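Listed below are the residues making up each chain.
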Number of protein chains: 4
Amino acid sequence: MNVFSYRPAPEDLSYTFGGRPAVARIAPGSIVETYTEDCFGGRVTSVDDLPSRVCEFPYLNPVTGPFHVEGAEPGDTLALHFVSIEPARDWAVSATFPHFGALTGTHTTAMLTPPLEELVWRYDIDTASGVVRYHARRSDFTVELPLDPMHGTVGVAPAASEARMTITPDAHGGNMDTPELRAGVTVYLGVNVEGGLFAIGDGHARQGHGEVCGTAVEAAMNTVVAVELIKGVGTPWPRLEDDDHLMSTGSARPLEDAYRISQHDLVTWSSELTGLDPLDAYQLVSQIGEAPVGNVCDTNYTMVAKLPKSALGRPEVYESAHARLRALGLRYLAER
Amino acid sequence: MNVFSYRPAPEDLSYTFGGRPAVARIAPGSIVETYTEDCFGGRVTSVDDLPSRVCEFPYLNPVTGPFHVEGAEPGDTLALHFVSIEPARDWAVSATFPHFGALTGTHTTAMLTPPLEELVWRYDIDTASGVVRYHARRSDFTVELPLDPMHGTVGVAPAASEARMTITPDAHGGNMDTPELRAGVTVYLGVNVEGGLFAIGDGHARQGHGEVCGTAVEAAMNTVVAVELIKGVGTPWPRLEDDDHLMSTGSARPLEDAYRISQHDLVTWSSELTGLDPLDAYQLVSQIGEAPVGNVCDTNYTMVAKLPKSALGRPEVYESAHARLRALGLRYLAER
Amino acid sequence: MNVFSYRPAPEDLSYTFGGRPAVARIAPGSIVETYTEDCFGGRVTSVDDLPSRVCEFPYLNPVTGPFHVEGAEPGDTLALHFVSIEPARDWAVSATFPHFGALTGTHTTAMLTPPLEELVWRYDIDTASGVVRYHARRSDFTVELPLDPMHGTVGVAPAASEARMTITPDAHGGNMDTPELRAGVTVYLGVNVEGGLFAIGDGHARQGHGEVCGTAVEAAMNTVVAVELIKGVGTPWPRLEDDDHLMSTGSARPLEDAYRISQHDLVTWSSELTGLDPLDAYQLVSQIGEAPVGNVCDTNYTMVAKLPKSALGRPEVYESAHARLRALGLRYLAER
Amino acid sequence: MNVFSYRPAPEDLSYTFGGRPAVARIAPGSIVETYTEDCFGGRVTSVDDLPSRVCEFPYLNPVTGPFHVEGAEPGDTLALHFVSIEPARDWAVSATFPHFGALTGTHTTAMLTPPLEELVWRYDIDTASGVVRYHARRSDFTVELPLDPMHGTVGVAPAASEARMTITPDAHGGNMDTPELRAGVTVYLGVNVEGGLFAIGDGHARQGHGEVCGTAVEAAMNTVVAVELIKGVGTPWPRLEDDDHLMSTGSARPLEDAYRISQHDLVTWSSELTGLDPLDAYQLVSQIGEAPVGNVCDTNYTMVAKLPKSALGRPEVYESAHARLRALGLRYLAER
């Protein structure tokens, strides 16, 4: 088993997809063990650390990478299987950040009203019990919520020589902020540049649908990813696969366009996988598809279109990369 | 137990919320047994019945009612508990309707491209096994999907002397098309006119998130509703409650506004129920709230904001109307 | 010349399109002299009259009418030529209304931030000099702006038995709030019910594009309209014609859909008028069409698509109704 | 007078803002004479050259530059005064490009319907008479339209180490496609990186509002720009100034956000220039502001908010850069 460990120093973190050289080269079939900082770069450690004071634009939402996958060329697909996502600290933070979030004016939904108050919440993470503990700031109320670790950000270098802030989700991936991206899931990303140049970051101990206040339960993570390269097969928008579901994503504004992109991709993908006529696939997805909301706060909004594989008769997908990577991941965990 | 049975003749069906006299008066605390036609008025019975030919605008999406609830006045809330929703036939239909659906030009997302082809699918309903069977139109592919009956349309007469087509969801309810509206759920609707004048329709044997092609598995239903009146308590947008969740809805365009309305209502409602500061409630909903998509095809789009009651410490809601109506419904079912 | 004068008492004003009987019957070819109240029903008379205190929802934006046009049937078109629009008082008012306007949270673009402050401005109208005078509230700044009277609201009873608040623009007309609707312009409205039932209101002494703060320079008006009925010719969305331009309107959300509707109608209308292939018309409109913004603050947003008639070779439009009504109006003004 | 002439070879053209070294260094106060290719890179020369065949993604919408302005640092503003914009050829082209334009499905407003037909139009440019001649493709119809040259694309390197396709307008400028950007206008751009790195391209012989079909009358241009650097004064979104108007721009989706950004900037800018209270400025802009639509077809939509200087008492703007550059430009033209 080819295991590559990489722990970035703070100055190794990246704030864009594209526009940066790789931090390492990975052979397809490898396991990557790595560490990701939280979206505040670890600078918010208590309720007194207001992000607008301790963080500095644009140094937000750092990602670990990019990693060059050997042999990857435009037109190929990277398969990244998340073997494990484990909180690296026993605490996490969240905040209302000025001009950010779905229920406040922002720099684009521009308002003359003052921004919502900036406030920080600190959560306790109890990995053993599988919970995070919420503490209200202005009362004694506290409650345990299920721990459900995920990565908000995963992506590759964009097409057309672009470099995009890590906060922006688009066809190259980026800050999609979907809770569906948890351990056990394989993410498929279309390769736009030689090596693909994937990076990951923005771990969440858990997140609601849409990340309505703008931030999740933000946590540093120790994460293990198994990597494959699928030659000659393109992927127009990031796709996800778990043992029982196929998922397409779309990131755009307004939110209905994120919905349209994701559902359109799921319909045409289903049609390709099964030979169903596109209208027949449209009908089937209409009745059994789900649409988990990713984010409704970032520079593009993200929606996921999700279908049980059983509805399609469990077709073969991406040359069975998910099953293979899943097995590799289990082997790695057993040997660790 | 006060049980009222009502089966509308075709000419009794209504095509608006508001603008019509009540078909019956109901005392609070009553059970209503009734029948609803499908969104095509029962006129599409085979794949050869194209809706654009057999249906006539604006006679689509008929509702049963309106029912006048005695004593209901503006500022009150109607609680409608769906005791049971049972398909009235062993088949259902779905269709791509010209200029309707999320992946085609419509009358408002106006395009110069011709509309998507009109096509009808007929489903078999097997109530005993709890499945509906999909048949592809252009191949032999067929698959069983779980039966999960729901009502797409429920509402009251709107405020401000308006009358709205039943197809339109807004603050008065209407065609929200959320799969969350299944048996076991209580819907809360703010009263705008004397008697409230609620009506229901648009049964679906099942539906995917967003009803992407524009129609669900459309079915006539035998439905039983238990009705309460909550005096002096307003409800800004339709809310839902099941045994374990509170839900707010929002219906608007663009889709992010439907999200904003529903999340805003859930945050402020959570704050009122628990005494949490609004920003504390915002934070909590952000991490544990879900956002099931209703429709992304109607004249307004609908989103639901959903929270486990446990996250709020299971507060008392609407004077415990749900528990009371649930018990009444179970008693009714036991005695039936 | 058939001249009909009508001055409504306060209790005669209407707050919906549809759902109300006609206040009078008009023969096609008539001149209607009438009076319209401002959007506050004349209750805001000084900067101390806060609308949220002196007005009562839903009694806002009153219209004068509806007028039944004899012989009008669904499928016909009403042509309303605005002969003159004259301020009825020497003052007008404007305001920031809570949760209303483009740069504040609203009931649908729901925010947790408090609403923008409510403030009233009072304008002097000098009809002789053709100016309105703006006075800043918080400094001595004052400036004269050109008087440019218009009606924000004009429409007919909607289709499908709907009744809509006058504040809402849609296919039936309503509160489009476009400055293009000034004297000298003919408005074409498709008839949905017998008699058409047109009404007008919401005079503005002038208005910027989009009515960004939510209200214009709101003024009562003495208005004269010349009316024709065009039998057997439908009109999908309100259209306008002046001596040199054809205009289509669209009202929807998001704003790009209002743009799409209006441009789509202008392209297809141009194609019908000239025999140009739709793609040729699309190309021509793309290069010479304008897109004056109506409102970006109401329950639907409105855009206008505007084309110089010269670009189409000045084709005959609606059986030359505009030229005929214009001549009738000039004759009326000469004889007055 | 410091005059710098630069004519790019095809391989010198740029397809991004950011991510590229400067092609030349310019001293503030200089005149730049240059040439820009059309959006198709000059490859579409007849109606038989379908863009999807003769062009290659992402090599579309080339810009000339970037130019490094000496001394420019983040926090400064570049003032670019367009002295003259002259068509370089006696013809221009336009096209419907698959999945591009406001009245067709696109890659984000994803549809299952096939794209609109691809078609090319070739215009004659007659600089002497000041007209462009449109020829219908499917009939003999032809018409002269006023020549009104402009640049669709102008911008600087974006903040946050981003590189963006030239087709995308955002806070750094880019493909705003507003007809307001004609000769005689000064554009203000906030500097994000050392040297600012401005570039220009995408000349249009003329353009309608919104560029509804996706392309304008696309033309190569000989363009002269006068350049100033305003130290220590920031500019959040591109602004324009002509002799009589101030203009703010906003680029975003949905279109109402482009409107909000531009109006918000115009309101706050007006407030800063005059000392008016922000609500007083909001009111004034609401009544006298215009909102010319830029594009409703690119990856972000663009709107302009436009105010006559007279409404503000003709305040001093950007240290009178416009007047100074205008004088410099006139001197250049006189001496040429």
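The rules behind each value
Numbers given to residues run from 1 along each chain, matching the order in which its sequence is written. Both sets of labels track the order of writing: A upward for chains, 1 upward for ligands. Note on the predicted model: pLDDT of at least 70 is required for a residue's local features to be given, and 80 or more for side-chain atom pairs to be given and counted; whole-chain, interface and lining totals, by contrast, use all residues. To get the side-chain values, take all heavy atoms of the structure and skip hydrogens and water. Under the DSSP-based scheme used, a helix requires at least four consecutive residues in state H or I and a strand at least two consecutive residues in state E, with every element numbered from the N terminus. Per-residue accessibility, obtained with a 1.4 Å probe over protein chains only, is compared with the maximum for each type, and a residue is labelled buried under 20%, exposed over 50%, and partly exposed between these values. We superpose the copies by least squares over the C-alpha atoms of residues that have a pLDDT of at least 70 in both of them. A pair of strands is treated as paired once DSSP finds two or more bridges between them. Whenever a helix is involved, its axis is fitted only over the stretch in contact; in every case the axis is a line through C-alpha atoms, and angles between N-to-C directions fall within 0 to 180 degrees. The contact rule is simple, with two residues in contact once any of their heavy atoms fall within 4.5 Å. Definition of a polar contact: a pair of N or O atoms within 3.5 Å, with one able to donate and the other able to accept a hydrogen when the atoms are protein atoms, and with sequence-neighbouring residues admitted only if both atoms are side-chain atoms.

- Where an unreviewed UniProt entry is consulted, chain A appears under the name Acetamidase/formamidase family protein, with the organism given as Streptosporangium oxazolinicum.

## Here's the deal with unusual backbone geometry
Thinking step 1. Omega for the peptide link from Arg 253 of chain A to Pro 254 of chain A comes to -5°, which places this bond in the cis form.
Thinking step 2. Along the chain, Pro 254 of chain A turns up in the loop between strand 18 (245-252) and helix 2 (255-274).
Thinking step 3. Going from Phe 57 of chain B to Pro 58 of chain B, the amide bond is cis rather than trans, its omega being 0°.
Thinking step 4. When you line up the elements, Pro 58 of chain B lands in the loop between helix 1 (51-54) and strand 5 (63-69).
Thinking step 5. For Asp 177 of chain C, which is not glycine, the phi dihedral falls at a positive 55°.
Thinking step 6. Inspection of the secondary structure assignment puts Asp 177 of chain C in the loop between strand 13 (173-175) and strand 14 (186-190).
Thinking step 7. We classify Asp 177 of chain C as buried; its relative accessible area is 1%.

## Details of the relation of the copies chain C and chain B
Thinking step 1. If you rotate chain C by 180° and push it 0.0 Å along the axis, it lands on chain B with an RMSD of 0.0 Å. Such a turn and shift between the copies fits a two-fold axis. When each C-alpha of chain C is compared by its distance to the rotation axis, Ala 163 of chain C comes out closest, at 2.3 Å.

## Focus on the sheet that holds strand 8 (residues 119-126) of chain C
Remark on secondary structure: sheet strands pair via backbone hydrogen bonds, oriented parallel or antiparallel.
Thinking step 1. The strand order across the open sheet formed by 4 strands is 7-8-9-10 (chain C), and the pairing between neighbours is antiparallel. At either margin of the open sheet sits one strand with a lone partner, and together these are strand 7 (91-96) and strand 10 (142-146) of chain C. In this sheet, neighbouring strand axes are inclined to one another by 30° on average, regardless of whether the strands run parallel or antiparallel.
Thinking step 2. Two elements, strand 8 of chain C and strand 9 (residues 131-135) of chain C, share 3 bridges in a ladder whose sense is antiparallel. Within strand 9 of chain C, the position partnered with Ile 125 of chain C by the bridge is Val 132 of chain C.
Thinking step 3. Contacting strand 7, strand 8, strand 9 and strand 10 of chain C, helix 3 (residues 278-288) of chain D crosses the sheet at an angle of about 45° to strand 8 of chain C.

## A word on the side chain of His 204 of chain D
Residue and element names in this part refer to chain D.
Thinking step 1. The residue His 204 is located in strand 15 (residues 198-204) in this model.
Thinking step 2. By relative accessible area, which is 0% here, His 204 ends up buried.
Thinking step 3. For His 204, the side chain forms a polar contact with the side chain of Asp 202, separated by 3.1 Å.

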